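Summary of structural features
So you can see what is in the structure, the chains are spelled out below.
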Amino acid sequence: MSLVFHYAPWSSATTCLWALEELGVPCEKVKVDLAKKQTQTPEFLAMNPNGKVPLLVHDGVPIFESVAILCHLGETFGVQKKLFPEPGLQRAQAFQWLVWMNVSLGAAVYKSMQDSENTPAELRSPKLAAVGRGEAEKLLGMLDAHLEGKTWMVGDGFTLVDVHLAGAAVWIGGLGFDLKTWPRVDAWAKRCQDRPAFSAAMKG
Ligand SMILES: N[C@@H](CCC(=O)N[C@@H](CS)C(=O)NCC(=O)O)C(=O)O
């Protein structure tokens, strides 16, 4: 079995890196320099025409998109280690929250960045950013309500769903969303980040 993981530190790849640390599966890690446009080389694009990290190559088969990688890692290595639900309704809930993170909360947070310095001046839109911020705050409220009376996102134990969502919470907190506004989110994210695998992944 061979696993090669292409990543950049502090990027969309970080939660997959954290998942790999939690799972403890042997994996070759290849650091990609985004500033040098190393995801746009012919060699990289041949593996991932989407031109982005994360990229996992499992036995020669490339898999891109962080949520797809997390689901694959979870199904393949996580069930036995109790880090991913078995097939069934809890697994459906795991898929639900992982997808929700990227297409709902993640998209709203990206929209809220439309007036930031990272957006080219001609594309900046304070109005769109305000709409995105409102949407993201509403969704963080939804996450807070979900966590009422719960220690972890899905089922009774810590899973890769916690990895992905709590990793995203670090990113969201760094963008000026004060997580203390959502105390259950704040406490759960800290609980997840206390894990040694999180610190290992952050070292990149
Ligand atoms: N939806 C993708 C997003 C991936 C993504 O945007 N990756 C960025 C880093 S955070 C990237 O590789 N950018 C390089 C580029 O666009 O050239 C995922 O979750 O995997």
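Residues numbered from 1 in each chain as written. Predicted model: local features only at pLDDT ≥ 70, side-chain atom pairs only at ≥ 80, totals over all residues. Heavy atoms only, no water.

1. Digging into the sheet that holds strand 1 (residues 3-7)
Overall, mixed pairing links the four strands, which are arranged 2-1-3-4 in an open sheet. Here the strands that pair on one side only, and so sit at the sheet edges, are strand 2 (28-31) and strand 4 (61-64). Averaged over all neighbouring strand pairs, the angle between strand axes comes to 20°, with direction disregarded. Across four bridges, strand 1 lies against strand 2 in parallel orientation. Pairing of Phe5 across the sheet is with Lys29, part of strand 2. Across the sheet, helix 1 (residues 14-23) is in contact with strand 1 and strand 2; its angle to strand 1 comes to roughly 145°. Against the sheet, helix 3 (residues 66-78) engages strand 1, strand 3 (55-58) and strand 4, with an angle of about 35° to strand 3. (Pairing = 2+ DSSP bridges. Helix = DSSP H or I, 4+ residues; strand = E, 2+ residues; numbered from the N terminus. Axes fitted to C-alpha atoms, helices over the stretch in contact; angles between N-to-C directions. Contact = heavy atoms within 4.5 Å.)

2. Here's the deal with the side chain of Asn48
Mapped onto the fold, Asn48 is located in the loop between helix 2 (42-47) and strand 3. Not counting residues up to four positions away in its chain, the partners in contact with Asn48 are Pro54, Leu55 and Phe64.

3. Side note on the domain arrangement of the protein
Split into domains, the protein comes out as domain 1 (3-82) and domain 2 (89-201). Between the C-alpha centres of domain 1 and domain 2 the distance comes to 20 Å. Contacts between the two partners involve 18 residues from domain 1 and, on the opposite side, 21 residues from domain 2. Both sides together, the interface formed by domain 1 and domain 2 hides about 1,600 Å², and carbon and sulfur atoms give 72% of it. In terms of surface lost to domain 2, no three residues of domain 1 exceed Trp18, Glu22 and Val67, which account for 40% of the buried area on that side. Along the contact surface separating domain 1 from domain 2 lie two salt bridges. Counting every contact that joins domain 1 to domain 2 gives four residue pairs in polar contact (both at pLDDT 80 or more). Elements that contribute at least two residues to the side of domain 1 that touches domain 2 include exactly helix 1 and helix 3. When grouped by side-chain class, the residues that make up the side of domain 1 that touches domain 2 number 10 nonpolar, four polar and four charged. (Domains from an automatic or database assignment. Buried area = accessible area lost by both parts, 1.4 Å probe. Salt bridge = Lys/Arg side-chain N within 4 Å of Asp/Glu carboxyl O. Polar contact = N/O pair within 3.5 Å; in protein donor to acceptor, adjacent residues only side chain to side chain. Nonpolar A, V, L, I, M, F, W, Y, C, P; charged D, E, K, R; others polar.)

4. Observations regarding helix 5 (residues 126-146)
Along its 21 residues, helix 5 runs 30 Å from first to last C-alpha, staying within 8% of the 30 Å computed at 1.5 Å per residue. Every buried residue of helix 5 is accounted for by Ala129, Gly132, Ala136, Leu139, Leu140, Leu143, Asp144 and His146. Along the axis of helix 5, the buried positions cluster into a sector of 150°, meaning they face one direction only. When the buried face of helix 5 is taken as reference, the exposed residues oriented beyond 90 degrees from it are Lys127, Ala130 and Lys138. Elements in contact with the buried residues of helix 5: helix 4 (89-112), helix 6 (160-173) and helix 7 (183-193). (Expected span 1.5 Å × (residues − 1). Buried < 20%, exposed > 50% of the residue type's maximum accessible area, 1.4 Å probe, protein only. Arc of directions from axis to C-beta.)

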